[in-house]
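Each chain, letter by letter, is given below.
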Amino acid sequence: MEYLRKHTDIKNRTLQFLDEAEEAVRGIWGEIERIRRYNSFKTLCAFRESGVANRHFFGTTGYGYSDEGREKLGEVFARIFRAEDAIVSPLVSSGTHALSIALFALLRPGDVMLSITGRPYDTLTGVIGLGEAHTHGSLSEFGIGYEEIPLDDSGAIQIERMMERLHKNPAIKIVYLQRSRGYEMRPAIPIAEMEKVHAAIQRESSDVLFVVDNCYGEFTERQEPTEAGADLIIGSLIKNPGGGIAPTGAYFAGRKGAIARTGERMTCAGIGTEIGSYLAGYLPYFQGIYLAPNVTATALQGAVLSAYVFETLGYGAYPRYDAFRTDITQAIHLHSEAELLALVRAVQAASPIDSNVTPYPWDMPGYDAQVVMAAGNFIQGGSIELSADAPIKEPYVAYMQGGLTMEQVKLALALAIQGMELEDRVAGE
Ligand SMILES: *Cc1c(COP(=O)(O)O)cnc(C)c1O
């Protein structure tokens, strides 16, 4: 702050306001700090127990038979997630790609997938083949059914309704849970609630698989869904578990059988995870997962601070600054399009990369409104780095997440206060 005071035109009172905001959220940051330490020990011990060595960083070529790095990386993830097995691969292009591989691996024609957190993340519409999006190659085209149960009014999973569906429809083979709110105004699902879901599934039928989209959730609590009974969890490496270092890829962790089937879908039947080379090597993946608990905690603390700042200035924050968190996303409810643009542009201007670029709204396939995005990231689209996006429509909600350093989050908030012309309101504090 001293540096910003000396070397930028950000007003003194804005910086003082941010200092006070930090003071006000100290207690909440403290609990996140304890989670950070817990999960950092967890990853460190997983590395030690797995015997990670320098040779595991080297890449291979061709088929990648006995690629030690690939295998060791899977072992480390499996230990961290307390799972029987895991696949970690730079060859999976995105979180959606990974979720698609997993669903095709576990479902067969005639089977039904039951989502218990309502409509899944937007990009899965095409994978499932929902609504008009009867995409070529979707699950629906292969005769795989889909049912969903929305969350109740309080944002909780309707376990009774799930039991009823499982009882009535033996074709249901997967209970699907999306942990993060994504871009919905609903709470993320705590690990404790997943335990209840797991127990309920076990009571009804033991051959139904419990699958969790873990994107944005890793390391936000002390436990992961695999420790609450999930059979398979899936996540993106350009979010929490990549620690801002992994350049691409995704992971799967869970029961041996589910992982074996996922591997056979990822490459091919009969070969599975025996192949897969990556010449660039696995160093950034090991480093990324090692640092991930720290980076995720910073992102969480940044979300808490952002929520507090905007709440104090009279805006809606979702979740509230002092709410329980089990993902890193933060929605801010602004009053106008101008404010939306100013916030997203402040996030861009505070970034280490492309800070001189001005984001403009543009038409995005699959969206009914124009979207404006800030993405001053090292990794393209990497949303464990501070990023913000917003559809240009009422109720003018900006979604923010990530942050490799707290300083970047603070600078973004300072520039937002400046850009949104809130400096006078700050003085009233
Ligand atoms: C990011 C994300 C995904 C996958 O998105 P990709 O952009 O394909 O990596 C899926 N579900 C949730 C909840 C996510 O946050």
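Predicted model only: the values in this text are computed from it and were never measured.

Undergrad: Explanation requested: unusual backbone geometry in the structure shown.
TA: Most peptide bonds adopt trans geometry, and most residues besides glycine take a negative phi value. Geometrically, the link from Y318 to P319 is a cis peptide bond, its omega value of 0° lying close to zero. Mapping P319 onto the fold places it in the loop between strand 8 (316-318) and strand 9 (330-333). Backbone geometry places S66, a non-glycine residue, at a positive phi of 40°. Its location among the elements puts S66 in the loop between helix 3 (26-50) and helix 4 (68-80).

Undergrad: Looking at this model, I keep getting lost on the site of the ligand. Mind explaining?
TA: Lining the immediate surroundings of the ligand are S94, G95, T96, L99, Y121, Q178, S180, D213, C215, Y216 and K239. Residue S94 places a side-chain N or O atom 3.4 Å away from an oxygen atom belonging to the ligand. The backbone of G95 places a nitrogen or oxygen atom 2.8 Å from an oxygen atom of the ligand. Alone, the ligand offers 380 Å² of accessible surface; in the complex the protein occludes 87% of this. In terms of residue count, helix 5 (residues 95-106) provides more of the shell around the ligand than any other element does, three residues in total. Within the shell around the ligand, the residues separate by chemical class into four nonpolar, five polar and two charged.

Undergrad: Help me out: how do you make sense of the nonpolar core in this one?
TA: Proteins that are soluble and globular tend to have nonpolar side chains buried together. Counting residues in each nonpolar core, the largest one holds 55 residues, and the members touching the most others are V309, F310, L334, L343 and M420. The set of elements that each furnish at least two residues to this core consists of helix 2 (12-24), helix 3, helix 10 (283-312), helix 11 (337-349), strand 10 (371-374), strand 11 (387-391), strand 12 (397-401) and helix 12 (406-419). Core analysis: the second largest hydrophobic core is formed by 48 residues, I189, Y251, Y282 and Y285 among them.

Undergrad: I keep staring at the packing of helix 5 against helix 9 (residues 256-266) and nothing clicks. Help me out?
TA: To describe two helices that pack against each other, one gives the angle between their axes and the distance between the axes. Running from amino to carboxyl end, helix 5 crosses helix 9 at an angle of 110°, the nearest separation of the two axes being 8 Å. Relative to helix 9, helix 5 is oriented roughly perpendicular. Here helix 5 and helix 9 pass one another in a crossing that is right-handed. Every residue of helix 9 that contacts helix 5 at I101, F104, A105 and L106 is listed here: A258, R261, T262, R265 and M266. Here the contact of helix 5 with helix 9 is built from residues that sort into six nonpolar, one polar and two charged.

Undergrad: Mind showing me how you'd approach empty space enclosed by the protein here?
TA: Here the idea is plain: a probe the size of a water molecule rolls over the atoms and shows the empty space left. With the rule as written, the count across this model stands at one cavity of 30 Å³ or more. There is about 50 Å³ of room inside the largest cavity. Around the largest cavity sit A299, G302, A303, S306, I328, Q330, L386, M400, Q401, G402 and V409, which together line it. Mapped onto the lining of the largest cavity, the elements with two or more residues apiece are helix 10 and strand 12. No other element matches helix 10, which puts four residues into the lining of the largest cavity. Here the lining of the largest cavity is built from residues that sort into six nonpolar, five polar and no charged.

Undergrad: For this particular structure, what's the right way to read the sheet that holds strand 3 (residues 145-148)?
TA: Neighbouring strands of a sheet are bound in pairs by backbone hydrogen bonds; such pairs are parallel or else antiparallel. With mixed pairing, the seven strands of this open sheet are ordered in space as 1-7-6-5-4-2-3. Every interior strand has two partners, whereas the edge strands, strand 1 (85-89) and strand 3, have only one. Across the sheet, the mean angle separating the axes of adjacent strands is 20° when strand polarity is ignored. Bridge count between strand 4 (residues 172-178) and strand 5 (residues 209-213): five bridges; the pairing is parallel. The residue bridging L177 from the neighbouring strand is V212, located in strand 5.

Undergrad: Where do I start with the pairing of strand 7 (residues 250-254) in this structure?
TA: Two faces belong to every sheet, and in a regular strand the side chains alternate between them. Within strand 7, five of the five residues are buried, which leaves the element mostly enclosed by the surrounding structure. Across the two faces of strand 7 the burial is the same, with A250, F252 and G254 and Y251 and A253 all buried. Inspection of the sheet shows strand 1 paired to strand 7 by five bridges, in the antiparallel sense. Looking at strand 7, one finds that D85 is bridged to G254. Judged from the five bridges that link them, strand 6 (residues 232-236) and strand 7 form a sheet pairing that is antiparallel. Across the sheet, the residue bridging to I233 is A253, located in strand 7.

What counts, and at which threshold
- Residues numbered from 1 in each chain as written.
- Predicted model: local features only at pLDDT ≥ 70, side-chain atom pairs only at ≥ 80, totals over all residues.
- Heavy atoms only, no water.
- Helix = DSSP H or I, 4+ residues; strand = E, 2+ residues; numbered from the N terminus.
- Near = heavy atom within 4 Å.
- Polar contact = N/O pair within 3.5 Å; in protein donor to acceptor, adjacent residues only side chain to side chain.
- Areas by Shrake-Rupley, 256 points an atom, 1.4 Å probe, with all protein chains shown as cover.
- Nonpolar A, V, L, I, M, F, W, Y, C, P; charged D, E, K, R; others polar.
- Core = buried A, V, L, I, M, F, W, Y, C linked by side-chain atoms within 4.5 Å.
- Buried < 20%, exposed > 50% of the residue type's maximum accessible area, 1.4 Å probe, protein only.
- Axes fitted to C-alpha atoms, helices over the stretch in contact; angles between N-to-C directions.
- Parallel < 35°, antiparallel > 145°, perpendicular 65-115°, else oblique.
- Left-handed = near helix turned anticlockwise from the far one by under 90°.
- Contact = heavy atoms within 4.5 Å.
- 1 Å grid on protein atoms, 1.4 Å probe; cavity = no way out; pocket = protein on both sides within 12 Å on 5 of 7 lines; lining within 4 Å.
- Points joined across faces, edges and corners; volume = space filled by probe spheres on them.
- Pairing = 2+ DSSP bridges.

Geometry only, nothing functional implied.
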